Amino acid sequence: MKDANDHRLLKRIDNGNVKAGVVGLGYAGLPLAMAIARQNIPVIGHDTNPERVQALLSGRSYIADVDSEDVQCALNDGMFTADIDPRRLREADILHICVPTPLSKSKEPDMSHVLSATQTIARLLRRGQLVVLESTTYPGATEELLLPSLEESGLTAGRDFFLAYSPERIDPGNKRYRLSNTPKIVGGVTRRCAELASRFYERFIDEVVQVSSTGAAEMTKLLENTFRSVNIALANEMSLVCDRLGLDVWEVIDAAATKPFGFMPFYPGPGLGGHCIPVDPHYLAWRARELQFHSRLIEIASEINGSMPQHVASKVNRELNERQKSIKGSQALLLGAAYKSDVADVRESPAIDVMTLLLRQGAQLVYHDPNVPVVFCENKRFDSYENWPQLLDSIDIAVILTKHSAIDYSPLLDAPCPVIDTRGVLRELRASNLA
């Protein structure tokens, strides 16, 4: 039976005669579904949010990295459909789990969405199916949580069905590296599971890297984002030191980056945002604590990065105090709400954290972000103010929180009010004007 199940699935993958299912149609799931559909492989998308499903069935994308035209084409070609009813997933040969894995209030992994999706699949699981988890998780989760839950169906992994882990590596807003040209890491609960998953991904991804286990694949994702978290924390700490020394941290980093070896530039900011970098290190630190290991560097890095919004708010206070003004009642203009350049994503955005801190201190806020038309903060609705340069003569302070290519920041060069630049935008403008 083993040979029949895996040989049959492998043959169907190689022939392109398979159907895929994607559970969770968010920032990771929808791009994946469209990438598969572009290879003329039918995709069944499942999401518990009826508004998302309805939007997709009408040909409208709600993810910036996915064009509505691509969704409409996939629908017209019969290569994609979406449903809130999970029963259609039984038709799929390969099932991808792409659901959120947030942190709990105590900074511990919240695996409830993964467990719910797994239990749904377990009720529908049939022989010969391949299940791949793509959601970020801690090392060991695939085999500790998914494997026993799926085997409650009475089927055995590696013989009756196949189970693998392949972390999503999507970088929202990145025009150079997309899903297809970013190498895909794959680990299976058995070697054959990994081989089948790898063979499928090879149909629409340029390079697939197979590792020895699901644990190795899970750890790879956490290492990638912990590396970034730690190095960003170092850049943020250097910015704090340079601030006290009266030095320009951007100049220092750019000078250090001229060294052709042994240095990789990371840049400071108002904090960390998005789903991965602020979250993934906590998954690793939590797992380490379970093993009686205290991951001091990871926790210190998270502490530094998490303190940056408060540093920005304190800097606003300091700038206003130097002008004999109180933050309470002061008019502040915030440029940027998204967590990074050229995206509309405000998940874990430090800009929102800064906004919250300033509101709690009584500041009067106006914000502008061409990608984020509305922000809800402290139970208030804020609409992006389009003609923000006309406010420069009347506001008390301006703060650059996100660097968007669609924003012309040049009016700030001669602003009559103080400007706090957390992204080094004005330095670049001045340099380009001198060139």
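Now for a description of the structure that goes with this document. (Residues numbered from 1 in each chain as written. Predicted model: local features only at pLDDT ≥ 70, side-chain atom pairs only at ≥ 80, totals over all residues. Heavy atoms only, no water.)

### Here we look at the overall build of the protein
In step 1: On a plain count of helices and strands, the protein comes out with 13 helices and 14 strands.
In step 2: Its C-alpha atoms give the protein a radius of gyration of 24 Å, within 12% of the compact-globule value 22 Å for 435 residues.
In step 3: The buried share of the protein, reckoned over its 435 residues, is 52%.
In step 4: Surface accessibility of the protein: about 20300 Å² in total, with carbon and sulfur atoms responsible for 50%. (Helix = DSSP H or I, 4+ residues; strand = E, 2+ residues; numbered from the N terminus. Rg over C-alpha atoms; globule rule 2.2 N^0.38 Å. Buried < 20%, exposed > 50% of the residue type's maximum accessible area, 1.4 Å probe, protein only. Areas by Shrake-Rupley, 256 points an atom, 1.4 Å probe, with all protein chains shown as cover.)

### Considering a nonpolar patch on the surface
In step 1: A grouping of L234, M238, V241, L245, L247 and V252 is seen on the molecular surface, where their side chains present a nonpolar patch of about 530 Å² in accessible area.
In step 2: The biggest single contributor to the nonpolar patch is helix α8 (residues 214–245), with four residues.
In step 3: Within the secondary structure, V241 is located in helix α8. (Patch = residues over 30% accessible without salt bridge, like charges linked within 9 Å, V, L, I, M, F, W, Y side chains within 5 Å. Salt bridge = Lys/Arg side-chain N within 4 Å of Asp/Glu carboxyl O.)

### Let's talk about the side chain of T226
In step 1: Structurally, T226 can be placed in helix α8.
In step 2: Owing to a relative accessible area of 8%, T226 belongs among the buried residues under this scheme.
In step 3: With residues up to four places along the chain from it excluded, the contact list for T226 reads P281, L284 and I298. (Contact = heavy atoms within 4.5 Å.)

### A short note on the side chain of T182
In step 1: Along the polypeptide, T182 turns up in the loop between β6 (162–165) and β7 (184–188).
In step 2: At 2.7 Å, the side chain of T182 forms a polar contact with the backbone oxygen of R178.
In step 3: With residues up to four places along the chain from it excluded, the contact list for T182 reads R169, Y177, I205 and E207. (Polar contact = N/O pair within 3.5 Å; in protein donor to acceptor, adjacent residues only side chain to side chain.)

### What about the pattern of salt bridges?
In step 1: Within the structure shown, the criterion is met by 30 salt bridges.
In step 2: Of the charged contacts, one joins E134 and K184 as a salt bridge, the two residues approaching to 3.3 Å between their closest N and O atoms. Of this pair, E134 sits in the loop between β5 (130–133) and α6 (141–151) while K184 sits in strand β7, and the two are 50 residues apart along the sequence. Side by side, E134 and K184 carry an identical accessibility label, which is buried.
In step 3: Ionic pairing is found between R287 and E290, a salt bridge with its closest N-O pair at 2.9 Å. Residue R287 and its partner E290 are both found in helix α10 (residues 280–290); the two are separated by three residues, about one turn of the helix.
In step 4: Note on R287: relative accessible area 15%, which makes it buried.
In step 5: Shared partners join several salt bridges into a network, and the residues in it are D6, R191, R192 and E195.

### Some remarks on the sheet that holds β7
In step 1: Judged by pairing direction, the sheet is mixed, and its eight strands sit side by side in the order β3-β2-β1-β4-β5-β6-β7-β8 without closing on themselves. The open sheet is flanked by β3 (80–83) and β8 (208–210), the only strands paired with a single partner. Going from strand to strand, the sheet's axes swing by 25 degrees on average, the running direction of each strand aside.
In step 2: Bridge count for strand β2 (residues 43–46) against β3 is four bridges, and the pairing is parallel. Across the sheet, V43 pairs through a bridge with F80, a residue of β3.
In step 3: Relative to β6, α6 is tilted by about 155 degrees, and along the sheet it contacts β4 (94–97), β5 and β6. (Pairing = 2+ DSSP bridges. Axes fitted to C-alpha atoms, helices over the stretch in contact; angles between N-to-C directions.)

### Quick word on the pairing of β7
In step 1: Among the five residues in β7, five count as buried, and that is most of the element.
In step 2: The two faces of β7 match: K184, V186 and G188 on one face and I185 and G187 on the other face are all buried.
In step 3: Here two bridges tie β6 to β7, and the two strands are oriented antiparallel to one another. Each bridged residue has a counterpart across the sheet, and for A164 the counterpart in β7 is G188.
In step 4: In terms of strand pairing, β7 meets β8 through three bridges, oriented parallel. From the neighbouring strand, V186 faces β8, where its bridge partner is Q210.
In step 5: Taking the sense of rotation as the criterion, the β-α-β connection linking β7, helix α7 (residues 191–201) and β8 turns out right-handed. (Right-handed = clockwise from strand over helix to strand, strands pointing away.)

### Some thoughts on helix α11 (residues 296–321)
In step 1: End to end, α11 covers 36 Å across 26 residues, agreeing with the expected 38 Å (1.5 Å per residue, within 8%).
In step 2: Taking the largest bend as the criterion, α11 deviates by roughly 35 degrees, centred on M308, and proline P309 comes between one and four positions later. (Expected span 1.5 Å × (residues − 1). Bend = angle between axes of the 7 residues up to and from the residue.)

### Some details on the nonpolar core
In step 1: Residues M34, I36, V43, F80, L130, F200 and F204 are the most contacted members of the largest nonpolar core, which totals 44 residues.
In step 2: When residues of this core are assigned to their parent elements, the largest contribution, seven residues, is made by helix α2 (residues 29–37). (Core = buried A, V, L, I, M, F, W, Y, C linked by side-chain atoms within 4.5 Å.)

### Some words on the sheet that holds strand β9 (residues 331–335)
In step 1: Spatial strand order, β10-β9-β13-β14: four strands in an open sheet with parallel pairing. Strand pairing shows two members of the sheet lacking a second neighbour, β10 (364–368) and β14 (419–421), which therefore form its edges. Taking each pair of neighbouring strands and ignoring which way they run, the sheet shows an average axis angle of 20 degrees.
In step 2: For strand β13 (residues 397–400) and β14, the ladder comprises three bridges, and the chain directions are parallel. Of the residues in β14, the one forming a bridge with A398 is V419.

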